[in-house]
Amino acid sequence: MGGIHATNIRYADDIVLMASSDAGLQELISQLNEVASDTGMQVNVKKTKVVKVSDDPTPVSVTIRDEKAEEVHTFKYLVAIFNSDSAQTRTKRGCYKANKWWAD
């Protein structure tokens, strides 16, 4: 994005981590889990989802505290839908909200 390499999107207590490799994603999740642990919190493995946007069909194996995170093909974050065959598709509701905000 404009020459900036983003690795995360955050809103309140929701976080999207992005990496160009499985190992890179594992490193980001491990760092997040370590920081959470240091502050008395923990990453909820059951709520953690992994989406791989790639032509490579090999499954992603990412673990949190030795428990594998679920790989899904579609993931909704706020008004955006991330899926395994394209980076992002906005929902109609999200487009409507954005259009309404610009019109005001």
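Our subject is the structure listed above.
Residues numbered from 1 in each chain as written. Predicted model: local features only at pLDDT ≥ 70, side-chain atom pairs only at ≥ 80, totals over all residues. Heavy atoms only, no water.

J.: I tried to follow the overall build of the chain on my own but got confused; where do I start?
T.: Scanning the chain from terminus to terminus reveals 2 helices and 9 strands. Burial statistics for the chain: of 104 residues in total, 22% are counted as buried. Contacts in the chain between residues far apart in sequence, at least 24 positions, make up 31% of those at least 6 positions apart. When the accessible area of the chain is evaluated, it comes to approximately 8,000 Å², of which 54% is carbon and sulfur surface. (Helix = DSSP H or I, 4+ residues; strand = E, 2+ residues; numbered from the N terminus. Buried < 20%, exposed > 50% of the residue type's maximum accessible area, 1.4 Å probe, protein only. Contact = heavy atoms within 4.5 Å. Areas by Shrake-Rupley, 256 points an atom, 1.4 Å probe, with all protein chains shown as cover.)

J.: How should the pattern of salt bridges be read in this particular structure?
T.: Close approach of charged atoms allows side chains with opposite charge to pair. In total, this model carries 3 salt bridges according to the counting rule given. The partner of Lys 46 in a salt bridge is Glu 67, and the shortest N-O contact between them spans 4.0 Å. Of this pair, Lys 46 sits in the loop between helix 1 (22-38) and strand 3 (49-50) while Glu 67 is found in strand 5 (residues 67-68), placing the two residues 21 residues apart along the sequence. Among the residues examined, Lys 46 registers a relative accessible area of 66% and is labelled exposed. Since its relative accessible area comes to 38%, Glu 67 is described here as partly exposed. In this structure, the salt-bridge partner of Lys 49 is Glu 70, at a minimum N-O distance of 2.8 Å. Placement of the pair is Lys 49 in strand 3 and Glu 70 in strand 6 (residues 70-71), with a sequence separation of 21 residues. Residue class for Lys 49 comes out partly exposed when judged on its relative accessible area of 32%. Judged by its relative accessible area of 42%, Glu 70 falls in the partly exposed class. (Salt bridge = Lys/Arg side-chain N within 4 Å of Asp/Glu carboxyl O.)

J.: Is there a simple way to think about the environment of Asp 55 in this case?
T.: Looking at where Asp 55 falls in the secondary structure, it is placed in the loop between strand 3 and strand 4 (63-64). In sequence terms Asp 55 and Ser 84 are 29 residues apart; their C-alpha atoms lie 8.6 Å from each other.

J.: When you look at the environment of Ser 54 in this model, what are you seeing that I'm missing?
T.: Summarising the element assignment, Ser 54 is placed in the loop between strand 3 and strand 4. Among the polar contacts listed, one links the side chain of Ser 54 to the backbone nitrogen of Asp 56, at a separation of 3.0 Å. (Polar contact = N/O pair within 3.5 Å; in protein donor to acceptor, adjacent residues only side chain to side chain.)

J.: Any chance you could explain helix 1 here in plain terms?
T.: Because each turn of an α-helix spans 3.6 residues, side chains separated by three or four positions end up pointing in the same direction. Relative to the 24 Å expected for 17 residues at 1.5 Å per residue, helix 1 spans 24 Å between its end C-alpha atoms, a close match to the ideal helical length. Buried-residue contacts for helix 1 involve strand 2 (14-17), strand 3 and strand 4. Directly after helix 1, the chain includes Gly 40, whose backbone phi takes a positive value near 80 degrees. (Expected span 1.5 Å × (residues − 1).)

J.: Can you walk me through the side chain of Gln 26 in this structure?
T.: Here Gln 26 is to be found in helix 1. For Gln 26, a relative accessible area of 18% gives the class buried.

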